[in-house]
Amino acid sequence: MKQPLIQLDSIVKNYKTICALNQISCNIYPGVTGLLGPNGAGKSTLIKVLLGLVKVSSGYGTILGYQLGKQGRKIRQLVGYMPEDDCYIPGLTGVEVVRFSATLAGLPKVEALRRSHEILDFCGMQQERYRNIETYSTGMRQKIKFACSIVHDPQLLILDEPTSGLDPEERESLLNRIRVLSRQFGKTVILSTHILPDVQSTCDHVVIISRGQLRISDSLENLSRPASPTITLSVVGDKQVLADALENIGLETTSGDRDELTIEGDLNVISDQIWQAAKTSGCGIRNMTPSINSLEEIFIQAIKESGHADA
Ligand code: ADP
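Note that the structure is a prediction, hence the values are computed from the model and not measured. (Residues numbered from 1 in each chain as written. Predicted model: local features only at pLDDT ≥ 70, side-chain atom pairs only at ≥ 80, totals over all residues. Heavy atoms only, no water.)

Peer 1: Which residues make up the overall build of the protein, and what values go with them?
Peer 2: When helices and strands are counted, the protein shows eleven helices and 14 strands. Along the three orthogonal principal directions, the C-alpha set of the protein runs to about 70 × 50 × 35 Å. Put simply, 67% of the contacts in the protein that link residues at least 6 apart link residues at least 24 apart. Summed over all atoms, the accessible surface of the protein reaches about 15900 Å², with 48% contributed by carbon and sulfur. Separation between the mean location of the 32 positive side-chain charges and that of the 35 negative ones in the protein comes to 12 Å. (Helix = DSSP H or I, 4+ residues; strand = E, 2+ residues; numbered from the N terminus. Contact = heavy atoms within 4.5 Å. Areas by Shrake-Rupley, 256 points an atom, 1.4 Å probe, with all protein chains shown as cover. Lys, Arg positive; Asp, Glu negative; His and termini not counted. Charge placed at Lys NZ, Arg CZ, Asp CG, Glu CD.)

Listed below in structure tokens is the structure:
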């Protein structure tokens, strides 16, 4: 098991009478973690706690080995943060905005400029980088915010709704950059979003909070694995012959539409038996699709259990 980069133990954050985080205990591991929850769940408060921008009411935590609430400055040096809202100084060009972020993070002037261009290349920003940022489209402004969050090469990236306002192509490019940062450059990423397909396609782990409470913290792989797995085959040939061959070796089958045949069992365990049965029955298999739990069902169930009104 990999070592967690973030450890939270019974974190409570109260805003006067509102309990925004209620006894949150969880670990965040290397990879990409999707932070999910309905509006008002406590996601932004959790991010602010991680960044040391709000003081916890009680509880204990470490982030990259530093203590939450005590070593905030050190933590912010090692973390890249992309806020949901726009935050730039009017009158600067794109590259100047990124360079400013780099100097704030402590990079010397010349290195800050070199690094800004390198990161803007990575973000797919061409000559527009020399234009005033106020003339930018939403997609370009998102790219600049993203560039600002990674220009100082942080170990941990916290991205708050990074794909909001992007068209499908820009969204896919940004998600791809997140995957590259995680898989090729070993960065740990927390992706706070309400777009479940983004989580499904990009994240390794999922944390769901609702009404300030932790509902789920697990790998996407574990969450997607159904309690009673099935496999749906697309059969070439007489599917009844294949069904009989499978039944003969003790597997339960159900005939579906057209060429479909569903078998009860886990693909990792019974795939050899299926291929063998296909061979003996003279059938071909065009597709083998294991059933998975949808993230949407998991999410709705988790917030329903917390008693959230929108579930
Ligand atoms: P999310 O980011 O999931 O939408 P938030 O962390 O913003 O949730 O909010 C969690 C709860 O804390 C909400 O009930 C919200 O109204 C409340 N809250 C957030 N910030 C403040 C604040 N500065 N003062 C008082 N209440 C706040």
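Peer 1: Please provide a residue-by-residue account of the pairing of strand E3 (residues 32-36), values included.
Peer 2: In regular strands, side chains alternate between the two faces of the sheet. Counting buried positions along E3 yields five of five residues, so the element is predominantly enclosed. What you see with E3 is no split at all: Val32, Gly34 and Leu36 on one side and Thr33 and Leu35 on the other are buried throughout. Alignment of E3 against strand E8 (residues 188-192), held across four bridges, turns out to be parallel. The residue bridging Thr33 from the neighbouring strand is Ile190, located in E8. Across four bridges, E3 lies against strand E9 (residues 205-210) in parallel orientation. When the sheet's bridge partners are listed, Thr33 is paired in E9 with His205. (Buried < 20%, exposed > 50% of the residue type's maximum accessible area, 1.4 Å probe, protein only. Pairing = 2+ DSSP bridges.)

Peer 1: Residues and numbers for the site of the ligand, please.
Peer 2: If you check the shell around the ligand, you find Tyr15, Ile18, Ala20, Pro38, Asn39, Gly40, Ala41, Gly42, Lys43, Ser44 and Thr45 and nothing else. Here an oxygen atom of the ligand and a backbone polar atom of Ala41 are 3.1 Å apart. Within the contact set of the ligand, an oxygen atom lies 2.9 Å away from a backbone nitrogen or oxygen of Gly42. The protein chains hide 59% of the 560 Å² of surface that the ligand would expose on its own. (Near = heavy atom within 4 Å. Polar contact = N/O pair within 3.5 Å; in protein donor to acceptor, adjacent residues only side chain to side chain.)

Peer 1: Tell me about the nonpolar core, and name the residues and values.
Peer 2: By size, the foremost hydrophobic cluster in this structure holds 44 residues, and its most contacted members are Ile144 and Phe146. When residues of this core are assigned to their parent elements, the largest contribution, six residues, is made by helix H5 (residues 138-150). Residues within four places of Ile144 in sequence aside, it is in contact with Gly94, Val97, Val98, Leu120, Met125, Ile133 and Tyr136. (Core = buried A, V, L, I, M, F, W, Y, C linked by side-chain atoms within 4.5 Å.)

Peer 1: Account for the environment of Ile208, with residues named and values stated.
Peer 2: Tracing the chain through its elements places Ile208 in strand E9. Assessed through its relative accessible area of 0%, Ile208 is described here as buried. Through-space distance from the C-alpha of Ile208 to that of Lys43 is 9.1 Å; in sequence the pair is 165 residues apart.

Peer 1: Could you give an account of the sheet that holds strand E1 (residues 6-15), naming the residues involved and the relevant values?
Peer 2: Read across the sheet, four strands follow the order E2-E1-E4-E5 without closing on themselves; strand pairing throughout is antiparallel. Edge strands, defined here as strands with exactly one partner in the open sheet, are strand E2 (18-28) and strand E5 (66-67). Taken together, the five bridges between E1 and strand E4 (residues 58-63) define a ladder with antiparallel strand orientation. Within E4, the position partnered with Val12 by the bridge is Ser58.

Peer 1: Can you break down the environment of Glu247 residue by residue, with the values?
Peer 2: Its location among the elements puts Glu247 in helix H9 (residues 239-248). On the basis of relative accessibility, which here comes to 39%, the residue Glu247 falls in the partly exposed class. Spatially, the C-alpha atoms of Glu247 and Ala277 are 9.6 Å apart, while their sequence positions differ by 30 residues. The contact partners of Glu247, leaving out residues within four places of it in the chain, are Glu252 and Thr253. Side-chain polar atoms of Glu247 contact the side chain of Thr253, separated by 2.8 Å.

Remember, this is a structural readout, not a statement about activity or role.
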